Amino acid sequence: MTESYEDYEREYNAYLSRIRSFLAGTRSPVTLKECQRLIGEAKKCATAMQGLAEVEGNAMKIKEASQRLERDITPLAKEVERALDQGNREELFYQAPNASGGGADASDLESLISNSDSMLRESQALAMETEQIGNATLGQMGRQREQLQNANTNLDATMEVAPP
């Protein structure tokens, strides 16, 4: 069965939707592994879409399909990888609760501060990544605006030359 660009696009969007819903919920190792698998499937769809667009010779679809990796998949893959690394770190450095009770409050406080610091760094990294994506989007919108203005100018010139 031959699938069209639109079929792959629907599958791609479904995969991304499932990944995002998993990431919004409980991030267990099982769901994170499933996210990795779904990211692989989404990459396959994006690659197929790019190939179909190249066969059609549709430059707009080619560019759109290639940008999907950068715009959608790469940030999600980083987020899943970060969550898996965080889970691995917690497993690696797990310490059993202190049964004696002496000094437990200080270590709990240090742990909370450490977790807060790492969450702050992660939030800052996400904010920087979001800013980069926003800047890229603004740049693309500026280019599209310029294209629309050029098309409008060309249309006006054509209308002046063409007889009514």
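All values derive from a computational prediction rather than experimental measurement.

J.: Would you explain the nonpolar core in this entry?
T.: Ranked by internal contacts, the top residues of the largest apolar core, which has 21 residues, are Tyr12, Ile19 and Leu23. Going through the elements one at a time, α1 (5-24), α2 (29-56) and α3 (59-92) are the ones with two or more residues in this core. The greatest single-element share of this core, amounting to nine residues, is contributed by α2. Contacts of Tyr12, omitting those with residues within four sequence positions, involve Ala42, Cys45, Ala46, Met49, Arg68, Asp72 and Ile73.

J.: Just to check I follow, could you spell out the side chain of Asp72 for this structure?
T.: Tracing the sequence through the fold places Asp72 in helix α3. A polar contact is formed between the side chain of Asp72 and the side chain of Tyr12, at a distance of 2.8 Å. Within polar-contact distance, the side chain of Asp72 engages the side chain of Arg71 at 3.3 Å. Contacts of Asp72, omitting those with residues within four sequence positions, involve Tyr12, Leu16, Arg20 and Gln67.

J.: Honestly, the environment of Ala53 in this entry has me stumped. Any pointers?
T.: When you line up the elements, Ala53 lands in helix α2. Remark: the alpha-carbon pair of Ala53 and Ser4, spanning 49 residues in sequence, is separated by 9.7 Å.

J.: It is not clear to me how the packing of aromatic side chains should be interpreted in this structure. Could you clarify?
T.: Each aromatic ring pair is summarised here by two numbers: the centre-to-centre distance and the angle between the ring planes. In the structure shown here, the tally under the stated rule is zero aromatic pairs. When the ring centre of Tyr5 is taken as reference, the NZ or CZ atom of Lys61 above it lies at 4.6 Å.

Rules and cut-offs
Residues numbered from 1 in each chain as written. Predicted model: local features only at pLDDT ≥ 70, side-chain atom pairs only at ≥ 80, totals over all residues. Heavy atoms only, no water. Core = buried A, V, L, I, M, F, W, Y, C linked by side-chain atoms within 4.5 Å. Buried < 20%, exposed > 50% of the residue type's maximum accessible area, 1.4 Å probe, protein only. Helix = DSSP H or I, 4+ residues; strand = E, 2+ residues; numbered from the N terminus. Contact = heavy atoms within 4.5 Å. Polar contact = N/O pair within 3.5 Å; in protein donor to acceptor, adjacent residues only side chain to side chain. Phe/Tyr/Trp six-rings, centres within 6.5 Å; stacked < 30°, edge-to-face > 60°. Lys NZ or Arg CZ within 6 Å of the ring centre and 35° of its normal.

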